[in-house]
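# Architecture at a glance
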Amino acid sequence: MALRHAHGHHNHENGFDRVDENGLDMSQNHDPDVDQHHNDVDNHDNELGLTVQNHALSLSENHELALVENHDLDENIELTVSQSGEISIVDASGMTAQHSQLLVSSPVLQSRTVVPAPNHELVVGQEFSDVQSCRRALRDTAIALHFEIQTVKSDKTRFTAKCASDGCPWRIHCAKLPGVPTFTIRTIHESHTCGGITHLGHQQASVQWVASSVEQSLKENPHYKPKEILEEIHRVHGITLSYKQAWRGKERIMAAVRGSFEEGYRLLPQYCDQIRRTNPESIALVYANPMDNSFHRLFVSFQASIYGFLNACRPLIGLDRTLLKSKYLGTLLFATGFDGDGALFPLAFGVVDEENDDNWMWFLSELHNLLEINTENMPRLTILSDRQKVIVEGVEANFPTAFHGFCMRHLSDSFRKEFNNTLLVNLLWEAAQVLTVIEFEAKILEIEEISQEAAYWIRRIPPRLWATAYFEGTRFGHLTANVVESLNTWILEASGLPIIQMMECIRRQLMTWFNERRETSMQWTSILVPSAERRVSEALERARTYQVLRANEAEFEVISHEGTNIVDIRNRCCLCRGWQLHGLPCAHAVAALLSCRQNVHRYTESCFTVATYRKAYSQTIHPIPDKTLWKEMADGSQDGGDNAVETIINPPKSLRPQGRPRKRRVRAEDRGRVKRVVHCSRCNQTGHFRTTCAAPI
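Residues numbered from 1 in each chain as written. Predicted model: local features only at pLDDT ≥ 70, side-chain atom pairs only at ≥ 80, totals over all residues. Heavy atoms only, no water.

## A closer look at the overall build of the protein chain
To keep things clear, this is the line we draw: Put simply, DSSP H or I for four residues or longer makes a helix, DSSP E for two residues or longer makes a strand, and each gets a number counted from the N terminus. Here a residue-residue contact requires only that any non-hydrogen atoms of the pair lie within 4.5 Å. Surface accessibility in these figures is a Shrake-Rupley result with a 1.4 Å probe; residues are shielded only by whichever protein chains are displayed.
The number of helices and strands found in the protein chain is 23 helices and 22 strands. If you take every contact in the protein chain between residues at least 6 apart in sequence, the share linking residues at least 24 apart comes to 60%. Of the accessible surface of the protein chain, which amounts to about 36,100 Å², a share of 49% is contributed by carbon and sulfur atoms.

## A few points about empty space enclosed by the protein
In plain terms, the rule: Computed over the protein atoms alone on a 1 Å grid, cavities are sets of points where a 1.4 Å probe fits but cannot get out and pockets are open sets with protein on both sides within 12 Å along at least five of seven lines; a residue lines them when it has an atom within 4 Å of a point. Grid points are joined across faces, edges and corners, and a volume is the space filled by probe spheres set on the points. Gly is put with the polar residues, along with every residue not named as nonpolar or charged; the nonpolar set is Ala, Val, Leu, Ile, Met, Phe, Trp, Tyr, Cys and Pro, and the charged set is Asp, Glu, Lys and Arg.
Across all of its chains, the model carries 1 cavity of 30 Å³ or more by this definition. Taken as a whole, the largest cavity spans an internal volume of roughly 30 Å³. Phe261, Tyr265, Leu324, Ser326, Ser495, Leu497, Pro498, Ile499 and Met502 are the residues that line the largest cavity. Counting residues per element, the ones that place at least two in the lining of the largest cavity are α6 (261–266) and α17 (499–521). Classifying every residue of the lining of the largest cavity by side-chain character gives 7 nonpolar, 2 polar and no charged.

## What to know about the sheet that holds strand β21 (residues 563–568)
Inclusion rule: One requirement defines pairing of two strands: DSSP has to find at least two bridges between them. To get an axis, a line is fitted to the C-alpha atoms, and for a helix only the part in contact is used. The angle between two axes follows their N-to-C directions and goes from 0 to 180 degrees.
Spatial ordering of the open sheet is given by β19-β20-β21-β22, a layout of 4 strands whose pairing is antiparallel. The sheet is open, and its two borders are formed by β19 (547–550) and β22 (573–574), each paired with just one other strand. Relative to strand β20 (residues 555–560), β19 runs antiparallel, the two sharing 4 bridges. When the sheet's bridge partners are listed, glutamine 547 is paired in β20 with isoleucine 559. Of the strands in this sheet, β19, β20, β21 and β22 are in contact with helix α20 (residues 587–595), which crosses β20 at around 120°.

## Here's the deal with the sheet that holds strand β12 (residues 283–288)
Sheet architecture is open: 7 strands sit in the order β12-β13-β16-β15-β14-β17-β18, paired in mixed fashion. Every other strand in the sheet has two partners, leaving β12 and β18 (403–406) as the edge strands with one partner each. Across the sheet, the mean angle from the axis of one strand to that of its neighbour is 20°, orientation sign disregarded. Bridge count for β12 against strand β13 (residues 295–301) is 6 bridges, and the pairing is antiparallel. Bridging across to β13, isoleucine 283 finds its partner in serine 301. Those strands touched by α17 are β13, β15 (331–338) and β16 (344–352), and its axis lies near 170° from that of β16.

## Details of the nonpolar core
Put simply, the rule reads: For this analysis, a nonpolar core means a set of buried residues of the types Ala, Val, Leu, Ile, Met, Phe, Trp, Tyr and Cys, connected via side-chain atoms within 4.5 Å. Classification of residues uses two cut-offs on accessible area relative to the type maximum, computed with a 1.4 Å probe and protein chains only: under 20% is buried, over 50% is exposed, and between them is partly exposed.
Grouped together as the largest cluster of nonpolar side chains are 97 residues, with contacts concentrated most on Ile317, Leu319 and Ile569. Tallying contributions element by element places α17 first for this core, with 8 residues. When near neighbours in sequence (up to four residues on either side) are disregarded, isoleucine 569 contacts Glu553, Ala554, Phe556, Trp579, Ala592, Leu593, Cys596 and Tyr603. In this structure, Leu427, Ala432, Trp457 and Ile458 belong to the second largest nonpolar core, which totals 24 residues.

## Re the packing of aromatic side chains
Let me state the cut-off plainly: Only centres within 6.5 Å qualify two rings of Phe, Tyr or Trp (six-membered ring in Trp) as a pair; their planes then separate them into stacked at under 30 degrees, edge-to-face at over 60, and tilted for everything else.
Here the structure, examined in full by the defined rule, presents 23 aromatic pairs. On the numbers, 6.0 Å between centres and 85° between planes, the contact of tyrosine 287 with tryptophan 362 is edge-to-face. You can see tyrosine 287 sitting in strand β12 and its partner tryptophan 362 sitting in helix α9 (residues 357–374), a full 75 residues away along the chain. Overall, tyrosine 287 belongs to the partly exposed group, its relative accessible area being 30%. A relative accessible area of 9% places tryptophan 362 in the buried class. Look at phenylalanine 415 and tryptophan 457: their rings are 5.2 Å apart centre to centre, the planes differ by 55°, and that puts the pair in the tilted class. Taken together, the residues span a long stretch of sequence, with phenylalanine 415 in helix α11 (residues 408–419) and tryptophan 457 in helix α14 (residues 452–459) at a distance of 42 residues. When its relative accessible area of 1% is taken as the criterion, phenylalanine 415 is described as buried. Overall, tryptophan 457 belongs to the buried group, its relative accessible area being 9%.

## Observations regarding the side chain of glutamate 148
Put simply, the test is: Throughout this description, a polar contact denotes any pair of N or O atoms lying within 3.5 Å of each other; where both atoms belong to protein, one of them has to be capable of donating a hydrogen while the other can accept it, and for residues adjacent in sequence the pair is counted only when both atoms sit in side chains.
Relative to the helices and strands, glutamate 148 is located in the loop between α2 (131–144) and β8 (149–154). Within the local environment of glutamate 148, its side chain forms a polar contact with the backbone nitrogen of glutamine 203, the two atoms lying 2.7 Å apart. Excluding residues within four positions of it along the chain, glutamate 148 makes contact with Lys162, Cys163, Ala164, Ile197, His199, Gly201, His202, Gln203 and Gln204.

## Thoughts on unusual backbone geometry
Residues apart from glycine generally show negative phi values, whereas peptide bonds are mostly found in trans. Phi is positive for arginine 572, which is not a glycine, with a value near 55°. Summarising the element assignment, arginine 572 is placed in the loop between β21 and β22. Owing to a relative accessible area of 31%, arginine 572 belongs among the partly exposed residues under this scheme.

## As for the pairing of strand β10 (residues 171–176)
With 5 of 6 residues buried, β10 is to be regarded as a mostly interior element. As defined by bridge partners, strand β9 (residues 158–163) adjoins β10 across 5 bridges and the pair is classed as antiparallel. Following the sheet pairing, alanine 161 is matched in β10 by isoleucine 172. Where β10 lies against strand β11 (residues 183–189), 6 bridges are found, and the strand directions are antiparallel. Note that in β11 the partner of cysteine 174 across the bridge is isoleucine 185. Hairpin geometry of β10 and β11 is characterised by an intervening segment of 6 residues between the two adjacent antiparallel strands and by a positive phi of about 85° at glycine 179.

## Regarding the pairing of β13
The buried fraction of β13 amounts to 7 of the 7 residues, a majority that puts the element mostly inside the structure. The turn linking β12 back onto β13 is made up of 6 residues, and asparagine 293 within it adopts a positive phi angle of 60°. Direction of pairing for β13 relative to β16: antiparallel, over a ladder of 4 bridges. Within β16, the position partnered with arginine 297 by the bridge is valine 352.

## Quick look at the environment of isoleucine 188
For isoleucine 188, the location among the structural elements is in strand β11. Residues isoleucine 188 and threonine 160 lie 28 residues apart in sequence; the distance between their C-alpha atoms is 9.9 Å. Those residues in contact with isoleucine 188 that lie beyond four places of it in its chain are Leu122, Val123, Val124, Trp170, Arg171 and Ile172.

This is the structure:
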């Protein structure tokens, strides 16, 4: 209900100042007419004795409004509402006070509310907790009713605004109640005559408003896209905003929910302390540059992963990395094993400020220390990686007894870039997969017939580093260290988060994997894991058609339509090399074992058994408390955690270039396309433009 003085109101339109979205006055100039208007209103209220501190209005059953003093009720004074809608002050004798009439727009006076009504109606007497709440309510009303407002005055005690349309008389004045931070609407002048805005945008639709509008949706679905935000705002509010506003609004909410990138680096020492506290015997180390305490390196490996790898996984490690898409860039390094069923078994993670020789050498050194301190007899490993020189040197320095093989995915990508011929690439893969030297040389001859340059390119790379026929270690059929490609979906989403949130995303994924695979394996009733059971079953089917001749208690000659192979069941080897390379008896070995009534399952590597698989996931990766509890736990610790908490890590110096980072990996078929040489004016290197430059600045 709008209360109006009988003598009318002054409507001043000059001296308008703009304020920011937080309700702060950006100008020191005061509008003298507005000040005079405020004084007139206050003086008139004092003449009527209607001060908020000492009086209140009450509605009786016969619709009479009584003016009640807070301390003593004056029985000789009351307010009555006439049929014409006038309020008059009447004494006990029925005499009407002169010059004290108030015009009302309704015969019933509504009670004051603390929050805006659902229909965004603003009424005189409506209260707000502070000036910011008042401004937000007015902003929401303006957006809902499709008109824009312009702030006239905003300070600690009052707030005045008008309709932004030229010539529209609508105006509102709010003031602070004495002694409390509460703001109330004092007056609302006239009604709108402008008809509302005609354009699709809105002056009050700020980034903060966008954030507030979609806050709940983002909390329920963090992957809510800016495009979807724009569609929702247009559907609900009828406003068309720019993509940048939606993106910034989402970033503001996500920063409030997940914390800032800077906070992530600052809390890294405490986070590492929590990993060691909740997952004993885990490794979590963070290193800073000594000059400025900026972030340099992070190494994390959970005890459950260490135990499972050393006690149940194949002695095979794949090395890979992915570039981070976060504000301060960096690189995420992986060291991943493989369980008995062929699934990835992440062992260790490293985050470095940039990928270089020193950081790769450090990561491999930490990996060696991890394995060395957790086992007395480190298994002779097979390590797969790309052809980077520093990785080759790092493996030789830290794992001198390990077999090092090149990842075929990286090798074939380089080969495709050179020759861009799908047939040649397929022949290269076939050459890598064949088990014997004779078959390998035959495939190379096929390549040479098509392109002598391609054959020369292949022969320059020692086959012992990539070809199964020449490889000295045991790859168990794995030709690639396909870590990032296998983790593609969720690891790319995590790579754009603040560093602690990214590591927590990885930890939660590992925790879920361990639990799901542990529970799944409890349902298995076979001796071998499902993938091994299938391979042995296929070998059994083929072996039934083979002819077996026994030479002695261990040696057998197996004759098939493919040729003759010699099997030694004591040394678990076959001339086809399938048994040695995959750890499972080949069809020739199965035929030999069946001929002497041996149990085929007893001649498989232990890592393929269900019992060993269950051991791989027998340990638990435990949750980590919310960061709000870290300081309290550190204060109560007795193991020196306080020293780690005192360390402050600053963000690294490298910053992400402007523009939205690329979220999709380049498809394999696109990698071989011939591209023209381009030059970057930012780092003076070739191969990219300034807009896509990721070099540290």
